Amino acid sequence: MERLAQLLDDLDDLISTLLLLSERIRRSVLTALAALLVLAIQIGGILLALAQPPLALAIALLLFVSLFYRTVTAAHQPLEIA
């Protein structure tokens, strides 16, 4: 009976270790996918600017205006003066 308890404990430790390792792998894969997505967006923007400059300018202006609007209307934290 003691052997069975020890075996089940070892099996539980193995499964826990594998799950923790899989979480690190998942986080690394998601980080790599995010980096590839950012790179693809930048390359797409360059290709769009080379093919259709007015359209690329219009998209850039829309993105700038939306970012500016969000910056102006977002709640800001008060500055602490030390």
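Please refer to the structure placed before this passage.
Presented here is an overview of the structure given in this document. Since we're looking at a predicted model, the values are computed, not measured.

### Regarding the overall build of the chain
Of regular secondary structure, the chain possesses two helices and zero strands. Whereas a compact globule of 82 residues would reach a radius of gyration of roughly 12 Å, the chain reaches 25 Å, over 25% beyond that. Overall size of the chain, expressed as C-alpha extent along the three principal axes, is 75 × 50 × 20 Å.

### Brief notes about a negative patch on the surface
Side chains of Asp9, Asp10, Asp12 and Asp13 sit close together on the surface and give a patch of like negative charge. Looking at where Asp9 falls in the secondary structure, it is placed in helix H1 (residues 2–51). Owing to a relative accessible area of 38%, Asp9 belongs among the partly exposed residues under this scheme.

### What to know about the packing of aromatic side chains
Where two aromatic rings form a pair, the distance of their centres and the angle of their planes describe that pair. On inspection of all chains with the given rule, the structure shows one aromatic pair. When the centroid spacing of 6.1 Å and the interplanar angle of 15° are considered together, the rings of Phe64 and Phe68 count as stacked. Linking Phe64 with Phe68, this pair stays in helix H2 (residues 53–73), spanning four residues, or about one helical turn. Of the two residues, Phe64 and Phe68, both sit in the exposed class.

### Comments concerning H2
Compared with the 30 Å implied by 1.5 Å per residue over 21 residues, the 30 Å span of H2 between its first and last C-alpha is a close match. The buried count for H2 comes to one of 21 residues, which makes it a mostly uncovered element.

### Focus on a nonpolar patch on the surface
Among the surface-exposed residues, Leu21, Ile25, Val29, Leu30, Leu33, Leu36, Leu39, Ile43, Ile46, Leu47 and Leu50 lie close enough to one another that they form a single nonpolar patch of about 1100 Å² accessible area. Its relative accessible area of 68% is what places Leu50 among the exposed residues.

### Quick notes on the pattern of salt bridges
For the coordinates displayed, the defined rule picks out two salt bridges. Put simply, Glu23 and Arg26 hold a salt bridge, and the shortest N to O gap is 2.7 Å. You can see Glu23 and its partner Arg26 sitting in helix H1, three residues apart, about one turn around the helix. Assessed through its relative accessible area of 44%, Arg26 is described here as partly exposed. If you follow the salt bridges from partner to partner, you end up with Glu23, Arg26 and Arg27 in one network.

The rules behind each value
Residues numbered from 1 in each chain as written. Predicted model: local features only at pLDDT ≥ 70, side-chain atom pairs only at ≥ 80, totals over all residues. Heavy atoms only, no water. Helix = DSSP H or I, 4+ residues; strand = E, 2+ residues; numbered from the N terminus. Rg over C-alpha atoms; globule rule 2.2 N^0.38 Å. Patch = residues over 30% accessible without salt bridge, like charges linked within 9 Å, V, L, I, M, F, W, Y side chains within 5 Å. Areas by Shrake-Rupley, 256 points an atom, 1.4 Å probe, with all protein chains shown as cover. Salt bridge = Lys/Arg side-chain N within 4 Å of Asp/Glu carboxyl O. Lys, Arg positive; Asp, Glu negative; His and termini not counted. Charge placed at Lys NZ, Arg CZ, Asp CG, Glu CD. Buried < 20%, exposed > 50% of the residue type's maximum accessible area, 1.4 Å probe, protein only. Phe/Tyr/Trp six-rings, centres within 6.5 Å; stacked < 30°, edge-to-face > 60°. Expected span 1.5 Å × (residues − 1).

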